[in-house]
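Architecture and fold: a report
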Amino acid sequence: MSSKVERKKRVFSGVQPTGQIHIGNYVGAISLWVENQDLYDNIFCIVDLHSLTIPENVSPEYLRKKVREVAALYLACGIDPEKSTIFVQSHVPEHAELTWLLNCVTPMGWLERMTQYKTKAADMETVGTGLFDYPVLMAADILLYDTDLVPVGDDQKQHIEITRDIAQRFNHLYGEVFKIPDGLFRESGARIMGLDNPEMKMSKSLGEVKKRHSIGILDSADDIRDTIMRATTDSNMETRFEYASPGVKNLLVLYQVMTNSSKEEVEDHFRGKNYGALKKELVEVVIERLRPIQEKYKEIVEEEGYLDNILNRGKERAKEIAAVTLQRAKEHMGLI
Ligand code: AQP
């Protein structure tokens, strides 16, 4: 019998503490973390340094409030601090330090090609260097923890690709320092679309300013009902995934993930029914799925000291791992 103990694969992921955390974030990322929590060694970060990349969107008071909100939502959604490390990115300065080292091996052309950067920068008068450098900070987040898997929505695919490219380039220049990570995506639900406009991804920033675009995890039952009942559909009667219009497909996907069903089960269930029935049932399913999360969230934020305790423990554990990787990178680069 082999005496070698296999270490569990390590997972790293995070959410920016900005905007309205919505069911797209829940379906595409957080619920995937929860489902796989027992399989992996999990590290979940509240990526506050990332949210500074558009400083116009975050006042200091807003950021302080949002960081705690996201941490409490992780826990309320089912992240268990006994099984997973939860921490705030800026509490572990190794993230910023490794970013500098990685900046020095990342060609600017790679960053200029990033579609998220191009989209966000297109609407801005002044584009900060931080926004341009966002992918390198994200690479540092992931690479610091010898991450095997990064469970994210499919809008992050390009960021995972560039993380792999940066790691490979560094390893090629300085020797084997970084593990090359893979993305982990849901087969169905990796990109939830806006309920008002199914051609656009459901977005945190839009959700904060636009009514009926998204469903916030903390939304009231009335708001959830209103948003789903008015969601954009069409005048057909098509409830098969393959043939449905984008708006209807989005509702079917949400129903599928929220009820843990297969596509076939969902199609069988709605065969011959109209969109009104689909919307009404989805309303009930979403309200019931979010209710315990909202109750737990309330308990967590009311318990004094609970959240700080978990974030402090998380910081210690994250630092322990991050410091070793950073040191390894520095030694390979010749920093004494
Ligand atoms: N619509 C979505 N469907 C599925 N997954 C999604 N994610 C985001 N939107 C969807 C996933 O949620 C995680 C956290 O998101 P983030 O805060 O890192 O990313 P984001 O892209 O900034 O979120 P938004 O909603 O797009 O905000 P804005 O509008 O401010 O840019 C990630 O795993 C992401 O893939």
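Keep in mind it's a predicted model, so treat the numbers as computed, not measured.

Quick look at the domain arrangement of the protein now. The figure often quoted for interface size is the accessible area lost as the parts come together. Each assigned domain of the protein is listed here: domain 1 (10-186 + 304-333) and domain 2 (204-299). One C-alpha centre belongs to domain 1, the other to domain 2, and the line joining them spans 29 Å. For the domain 1 and domain 2 pair, buried surface summed over both sides reaches about 1800 Å², with 67% attributable to carbon and sulfur atoms. For the domain 1 face of the interface with domain 2, the top three residues by lost area are Gln-20, Ile-23 and Tyr-26, together amounting to 36%.

In the region of the ligand, 21 residues are neighbours, and Asp-155, Lys-201, Ser-203, Lys-204 and Ser-205 sit closest. Separating an oxygen atom of the ligand from a side-chain N or O atom of Lys-201 is a distance of 2.6 Å. Protein contacts shield 94% of the accessible area of the ligand, which totals 650 Å² for the unbound molecule. Put simply, the parts of the chain that give the shell around the ligand at least two residues each are strand S1 (10-15), helix H1 (23-35) and helix H9 (204-209). No other element matches the four residues that H1 contributes to the shell around the ligand.

This part takes up unusual backbone geometry. Residues other than glycine seldom take positive phi values, yet Asp-146 does so here, at roughly 50 degrees. Here Asp-146 is to be found in the loop between helix H7 (129-143) and strand S4 (149-151). If you check the backbone angles, Asn-260 has positive phi at about 50 degrees while not being a glycine. Looking at where Asn-260 falls in the secondary structure, it is placed in the loop between helix H11 (246-258) and helix H12 (263-270). Asn-260 gets classed as exposed once you look at its relative accessible area, which sits at 58%.

Let's shift gears to helix H3 (residues 60-77). Over its 18 residues, H3 runs 26 Å from end to end, which matches the ideal 26 Å to within 8%, given 1.5 Å per residue. Most of H3 is tucked away: 13 of the 18 residues are buried. Residue Gly-78 follows H3 closely and has a positive phi angle near 120 degrees.

A word on the pattern of salt bridges. A side chain of one charge can pair with a side chain of the opposite charge if their charged atoms are brought near each other. The tally for this structure, following the rule as stated, stands at 24 salt bridges. Put simply, Lys-319 and Glu-94 hold a salt bridge, and the shortest N to O gap is 3.4 Å. Here Glu-94 lies in helix H4 (residues 94-103) and Lys-319 lies in helix H14 (residues 306-333), a separation of 225 residues in the sequence. Look at Glu-94 and you get buried, because its relative accessible area is 10%. Among the charged side chains, a network of salt bridges with common partners joins Arg-7, Asp-148 and Lys-179.

With that settled, the discussion passes to the packing of aromatic side chains. Counted by the stated rule, this structure contains eight aromatic pairs. Considering the side-chain rings of Phe-170 and Phe-178, the 4.8 Å spacing of their centres and the 65 degrees angle between planes classify their relative orientation as edge-to-face. Among the residues examined, Phe-178 registers a relative accessible area of 3% and is labelled buried. Three or more aromatic residues joined by ring pairs form one cluster here, namely Phe-12, Phe-87 and Tyr-145. Over the aromatic face of Phe-185 sits the side chain of Lys-157, whose NZ or CZ is 5.0 Å from the ring centroid. One cation-aromatic arrangement involves Lys-263 over Phe-241; the distance from NZ or CZ to the ring centre is 5.3 Å.

Calculation criteria
Residues numbered from 1 in each chain as written. Predicted model: local features only at pLDDT ≥ 70, side-chain atom pairs only at ≥ 80, totals over all residues. Heavy atoms only, no water. Domains from an automatic or database assignment. Buried area = accessible area lost by both parts, 1.4 Å probe. Near = heavy atom within 4 Å. Polar contact = N/O pair within 3.5 Å; in protein donor to acceptor, adjacent residues only side chain to side chain. Areas by Shrake-Rupley, 256 points an atom, 1.4 Å probe, with all protein chains shown as cover. Helix = DSSP H or I, 4+ residues; strand = E, 2+ residues; numbered from the N terminus. Buried < 20%, exposed > 50% of the residue type's maximum accessible area, 1.4 Å probe, protein only. Expected span 1.5 Å × (residues − 1). Salt bridge = Lys/Arg side-chain N within 4 Å of Asp/Glu carboxyl O. Phe/Tyr/Trp six-rings, centres within 6.5 Å; stacked < 30°, edge-to-face > 60°. Lys NZ or Arg CZ within 6 Å of the ring centre and 35° of its normal.

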